[in-house]
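# Coordinates in review
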Amino acid sequence: MTITQPDLSVFETLESEVRSYCRGWPTVFDRAQGSLMYDEDGHRYLDFFAGAGSLNYGHNNPVLKRALIDYLMRDGVTHGLDMSTTAKRSFLQTFQDLVLRPRDLPYKVMFPGPTGTNAVESALKLARKVKGREAIVSFTNAFHGMSLGSLAVTGNAFKRAGAGIPLVHGTPMPFDNYFDGQVPDFLWFERLLEDQGSGLNKPAAVIVETVQGEGGINVARPEWLRALADLCERQDMLLIVDDIQMGCGRTGAFFSFEEAGIVPDIVTVSKSISGYGLPMSLCLFRPELDIWEPGEHNGTFRGNNPAFVTATAALETYWTDGSAMEKQTRARGEQIEQALVSVTEENLADVKEYRGRGLVWGMEFHDKARADRVARRAFELGLLIETSGPEGEVVKLLPALTVTPEELDEGLSVLARSVRETI
């Protein structure tokens, strides 16, 4: 694909140096539909990034777009703080009927603000309020957000350094398989909890991702998650599952923890809950934990009514029969896995491992810099993929759940070529 030099001058001169994704994709995007994006010169890109998981149903999904346009055309409430609106009522009722009740989940729903880190901050605050303790345990290579509380339970050294102040009251523990199976699960964690001389303050809660997205597509085994839930119950700690990137069907089931058969005390949801890329997040928790005083945690943009509208449309369209979406996602995941098997066999010398669940997959290289080269070559060939892991050593595949088998084949062929051409 021939790419003319785009005019990036205003971004380079006016926008902060903090910008990141645009550096790996040096073009100016203009429109998008489904799994395709187009730049202002008309070049076509297959999107295997999906807004970092916020576009599970693709760009400008026509059903969601129609619902949004109809709502705006009738002058539906756009901004409503936490006032009661018809859009919010419709979402809450639909979420209860299609998501919570079929899974026998008892959760109350809190709208903490528009982003994932808002949901995490509210979860941490609530856990501390309920238990009367300040300590939170997280896991190696975790990512939970960029605000201070979320950063304190995030593992990445580069991101943590941006805080500029000490990040306190968070203690990391080894994630599943951190010691390559050489150490029994939770041996260190449980020993610290039981030893009065360990220096570990009794935690209020443990926060975990079932699949660590930014941390390198590290997949926790169901038995590890069940053992963690059991440990939390025995030690009087709340279990928080951060399902911001892996929820809303990304791993197959609507919630990523369903496969393990656990019921967390608190769940954070964001990214694709609105279905359309509109800012929205939820903090879900057991009813007995709802000890908030009115207004004790709030935010100006926690009532994004257009997001309620598209979220409701997404649930009604894709989760009325949740098993169909789950089966499709698993089938697409198997398609990716088979392709990664072939790429690995062709590049045994440098592919360290591939791993994933549903429609989130990663390929790790021994040469840590190669993942970035692969992603850059893929962009040149018309495929948008990103890297993850503490040193960016993992190529990350995160296509929309609505991606077609043909689009998957095309993108996976580009990936294989990109690996082949960056040796």
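Above this note sits the structure.
Please read these numbers as outputs of a predicted model, since none were measured by experiment. (Residues numbered from 1 in each chain as written. Predicted model: local features only at pLDDT ≥ 70, side-chain atom pairs only at ≥ 80, totals over all residues. Heavy atoms only, no water.)

### Digging into empty space enclosed by the protein
Condition: Detection works on a 1 Å grid of protein atoms alone, calling trapped sets that fit a 1.4 Å probe cavities and calling open sets with protein on both sides within 12 Å along at least five of seven lines pockets, with lining residues defined by an atom within 4 Å of a point. Grid points are joined across faces, edges and corners, and a volume is the space filled by probe spheres set on the points. Amino acid classes used here: Ala, Val, Leu, Ile, Met, Phe, Trp, Tyr, Cys and Pro are nonpolar; Asp, Glu, Lys and Arg are charged; the rest, including Gly, are polar.
As enumerated under the stated definition, the model contains 1 cavity of 30 Å³ or more in all. Roughly 30 Å³ of internal volume is contained in the largest cavity. Lining the largest cavity are F111, G113, P114, P279, M280, S281, F301, R302, G303 and N304. Along the lines of polarity and charge, the residues of the lining of the largest cavity split into 5 nonpolar, 4 polar and 1 charged.

### Topic: the layout of surface pockets
Note the cut-off: Only DSSP runs of H or I reaching four residues or more are called helices, and only runs of E reaching two or more are called strands; each is numbered from the N terminus.
Taken as a whole, the second largest pocket holds about 520 Å³ of empty space. Surrounding the second largest pocket, 22 residues form its lining, N177, N218, E353, R355 and E364 being those nearest its centre. Within the residue set of the lining of the second largest pocket, elements represented by two or more residues are β9 (218-219) and β13 (351-357). Of the residues belonging to the lining of the second largest pocket, the class tally is 5 nonpolar, 8 polar and 9 charged.

### Observations concerning the state of the cysteines
Two cysteines form a disulfide when their sulfur atoms are joined by a covalent bond. The test is simple: The term disulfide is used for any two cysteine sulfur atoms that are within 2.5 Å. Type-normalised accessible area, obtained with a 1.4 Å probe on protein chains alone, sets the label of each residue: buried when under 20%, exposed when over 50%, and partly exposed for intermediate values.
In total, this model carries 0 disulfides according to the counting rule given. Distance from the sulfur of C232, which forms no disulfide, to the nearest cysteine sulfur (C283) is 16 Å. A residue is classified by how much of its surface remains accessible, and C232, at 2% relative accessible area, is buried. As a non-bridged cysteine, C283 has C248 as the owner of its nearest cysteine sulfur, 14 Å distant.

### As for the pattern of salt bridges
Under the convention used in this document: By convention in these notes, a salt bridge is any Lys or Arg side-chain nitrogen within 4 Å of a carboxyl oxygen on Asp or Glu.
Using the criterion set out here, one finds 31 salt bridges in the structure. Put simply, E259 and R357 hold a salt bridge, and the shortest N to O gap is 2.9 Å. Of this pair, E259 sits in the loop between β10 (238-242) and β11 (266-269) while R357 is found in strand β13, placing the two residues 98 residues apart along the sequence. Notably, a salt bridge pairs K368 with E391, separated by 3.8 Å at the nearest N-O pair. Residue K368 is located in the loop between β14 (360-365) and α13 (370-380), and its partner E391 is located in the loop between β16 (386-388) and β17 (394-397); the two are separated by 23 residues in the primary sequence. What makes E391 exposed here is its relative accessible area of 55%. A single network of salt bridges, built from pairs that share partners, joins D176, D185, R221 and E223.

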